[in-house]
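Now for the letters of each chain:
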Amino acid sequence: MTDDLLPAETDSVDATRALGRALALRLAPGSVVALHGDLGAGKTHLVKGIAEGFGGRTVDVTSPTFTLVHEYATEPPLVHADLYRVEDEAEAGALGLDEWIAAGDAVVVVEWPDRAPGLWPADTLHLHVAHLGGDRRRLSRLP
Ligand code: ADP
Ligand code: MG
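What counts and how
- Residues numbered from 1 in each chain as written.
- Chains lettered and ligands numbered in written order.
- Predicted model: local features only at pLDDT ≥ 70, side-chain atom pairs only at ≥ 80, totals over all residues.
- Heavy atoms only, no water.
- Pairing = 2+ DSSP bridges.
- Helix = DSSP H or I, 4+ residues; strand = E, 2+ residues; numbered from the N terminus.
- Axes fitted to C-alpha atoms, helices over the stretch in contact; angles between N-to-C directions.
- Donors = N, O, S within 2.8 Å, 3.2 Å for Na, K, Ca; no water.
- Buried < 20%, exposed > 50% of the residue type's maximum accessible area, 1.4 Å probe, protein only.
- Near = heavy atom within 4 Å.
- Polar contact = N/O pair within 3.5 Å; in protein donor to acceptor, adjacent residues only side chain to side chain.
- Areas by Shrake-Rupley, 256 points an atom, 1.4 Å probe, with all protein chains shown as cover.

Q: Before we go on, may I ask you to explain the sheet that holds strand S6 (residues 125-133) in this structure?
A: Across a sheet, strands are paired by hydrogen bonds formed along the backbone, either parallel or antiparallel in direction. Taken together, 7 strands build an open sheet; the order of strands is S1-S7-S6-S2-S5-S4-S3 and the sheet is mixed. Looking along the sheet, the strands with just one partner apiece sit at the ends: strand S1 (8-10) and strand S3 (69-72). Direction aside, the axes of adjacent strands within the sheet are offset by 20° on average. Here S1 runs beside strand S7 (residues 136-141); their pairing, made up of 3 bridges, is antiparallel. By the bridge assignment, Thr-10 is partnered in S7 with Arg-137.

Q: Mind showing me how you'd approach the coordination of the magnesium ion (ligand 2) here?
A: Around a metal, the idealised angle for a tetrahedral arrangement of four donor atoms is 109.5 degrees; for an octahedral arrangement of six donor atoms it is 90 or 180 degrees. At the metal site, the magnesium ion (ligand 2) is ligated by Thr-44 (OG1) and Glu-111 (OE), and these contacts range over 2.1 Å. Placement of the pair is Thr-44 in helix H2 (residues 43-55) and Glu-111 in strand S5 (residues 107-111), with a sequence separation of 67 residues. Each member of the pair, Thr-44 as well as Glu-111, carries the same accessibility label: buried.

Q: What exactly am I supposed to notice about the site of ligand 1 here?
A: Among the 16 residues in the neighbourhood of ligand 1, the closest are listed as Thr-16, Gly-40, Lys-43, His-45 and Asp-135. Here an oxygen atom of ligand 1 and a side-chain polar atom of Thr-44 are 2.9 Å apart. Against a free-state accessible area of 570 Å², the protein chains account for coverage of 76% of ligand 1. Of all the elements in the fold, those that place two or more residues in the shell around ligand 1 are helix H1 (13-24) and H2. Looking at the shell around ligand 1, the element that brings in the most residues is H2, giving 3 residues.

Listed below in structure tokens is the structure:
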């Protein structure tokens, strides 16, 4: 599904957003994407690109660091979660992501998925964003 796209390297924010738009074309309602990688790797910028790919326009995707989950009225709808501040799986479970996933009508993209490893379906697309130094980043698929 992503074999012809990933791994991919980018050398700018714009290139990462473009990669997100390309990735969006491979996603469908019910897709769950787990975005691994350090703070500042570029996960949120990738999500901006995914939202642009769904919306065909600029969507003001911001890091849901405090609210933890944002929903965007794109097509398909995008649910963006950032679990960085989540303490444990119970707290993550209370965010209702399982309901979004079970409903299957949105694409769910999660930063810091390791905070709640039990929440993600077996067919979750696990991706890693690596900081290569300067403005270079690599997006790759994890097993
Ligand atoms: P994360 O969500 O992984 O913590 P963000 O997407 O919020 O990361 O931030 C990435 C930071 O790295 C931003 O400050 C952005 O300007 C910078 N940056 C530099 N080069 C790139 C690139 N190629 N792709 C994405 N972000 C980049
Ligand atoms: Mg982020």
